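# Fold and contact review
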Amino acid sequence: NWAKLQQGIVVRLQASSAELSERSGLSTQELGEMEEELGELMAQADVHVTLQKDAALDELAVSVMEATLDTIQKNPPKRKEWEETHQQQMAEWEAKQEKKEKKEKKKGFGN
């Protein structure tokens, strides 16, 4: 489900049809059909790594990690920014609440 994939970092492994067929066990026709059906979605992946012919799995893993780290560094999480905005909004709200309470206390003393 593509919506679920958008909750994390999506990595697309790219290679020639022949290479993908050899590595996946799928026929080139099946891969072509998959590309036709999902190509637009796969193009939206956060990280794209091209498989090098005859690359060992550990080399591929390093390529994926390096590309993922590069993507994260170029696109830092928004969490810190959101947290700062939230803290600012909470401080403003608390200040309004304090003002409101002071007004109410003043009204109470006058009666």
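The notes below deal with the structure included here. No experiment lies behind these values; they were computed from the predicted model shown.

## Some remarks on the overall build of the protein chain
Helix and strand counts for the protein chain stand at 5 helices and 2 strands. The order of α-helices and β-strands along the protein chain, N terminus first, is α-β-α-α-β-α-α. Here the C-alpha atoms of the protein chain give a radius of gyration of 26 Å, more than 25% beyond the 13 Å that 2.2 N^0.38 yields for 111 residues. For the protein chain, the accessible surface area stands at approximately 9,600 Å², while carbon and sulfur atoms represent 53% of it.

## Regarding the pattern of salt bridges
Taken as a whole and assessed by the stated rule, the structure comprises 4 salt bridges. In this structure, the salt-bridge partner of E19 is R23, at a minimum N-O distance of 2.7 Å. A residue pair is termed a helical-turn pair when its members lie 3 or 4 positions apart in one helix, as E19 and R23 do in helix α2 (residues 17-24) at 4 residues. For R23, a relative accessible area of 35% puts it in the partly exposed group. Linking E19 and K53 is a salt bridge whose minimum nitrogen-to-oxygen distance equals 3.7 Å.

## Some words on a negative patch on the surface
There is a patch of like negative charges on the surface, built from E30, E33, E36 and E37. With respect to the secondary-structure elements, E30 resides in helix α3 (residues 28-42). Since its relative accessible area comes to 39%, E30 is described here as partly exposed.

## Quick word on the nonpolar core
Among the nonpolar cores identified, the biggest contains 5 residues, and these are V47, V49, L51, L60 and A67. Mapped onto this core, the elements with two or more residues apiece are β2 (47-50) and α4 (57-74).

## Examining the environment of L31
Relative to the elements of secondary structure, L31 occurs in helix α3. Spatially, the C-alpha atom of L31 lies 31 Å from that of N75, the residues being 44 residues apart in sequence.

## Some remarks on unusual backbone geometry
The phi dihedral of D54 is positive, around 65°, even though this residue is not glycine. For D54, the location among the structural elements is in the loop between β2 and α4. Assessed through its relative accessible area of 65%, D54 is described here as exposed.

## Considerations on the pairing of β2
Where burial is concerned, the two faces of β2 differ: the one with V47 and V49 is buried and the one with H48 and T50 is not. Taken together, the 4 bridges between strand β1 (residues 11-14) and β2 define a ladder with parallel strand orientation. The partner of Q14 across the bridge, within β2, is T50.

## Side note on the side chain of T68
Within the element layout of this structure, T68 appears in helix α4. When sequence neighbours within four positions are dropped, the list of residues in contact with T68 reads I9, V11 and V47.

Criteria and thresholds
Residues numbered from 1 in each chain as written. Predicted model: local features only at pLDDT ≥ 70, side-chain atom pairs only at ≥ 80, totals over all residues. Heavy atoms only, no water. Helix = DSSP H or I, 4+ residues; strand = E, 2+ residues; numbered from the N terminus. Rg over C-alpha atoms; globule rule 2.2 N^0.38 Å. Areas by Shrake-Rupley, 256 points an atom, 1.4 Å probe, with all protein chains shown as cover. Salt bridge = Lys/Arg side-chain N within 4 Å of Asp/Glu carboxyl O. Buried < 20%, exposed > 50% of the residue type's maximum accessible area, 1.4 Å probe, protein only. Patch = residues over 30% accessible without salt bridge, like charges linked within 9 Å, V, L, I, M, F, W, Y side chains within 5 Å. Lys, Arg positive; Asp, Glu negative; His and termini not counted. Charge placed at Lys NZ, Arg CZ, Asp CG, Glu CD. Core = buried A, V, L, I, M, F, W, Y, C linked by side-chain atoms within 4.5 Å. Pairing = 2+ DSSP bridges. Contact = heavy atoms within 4.5 Å.

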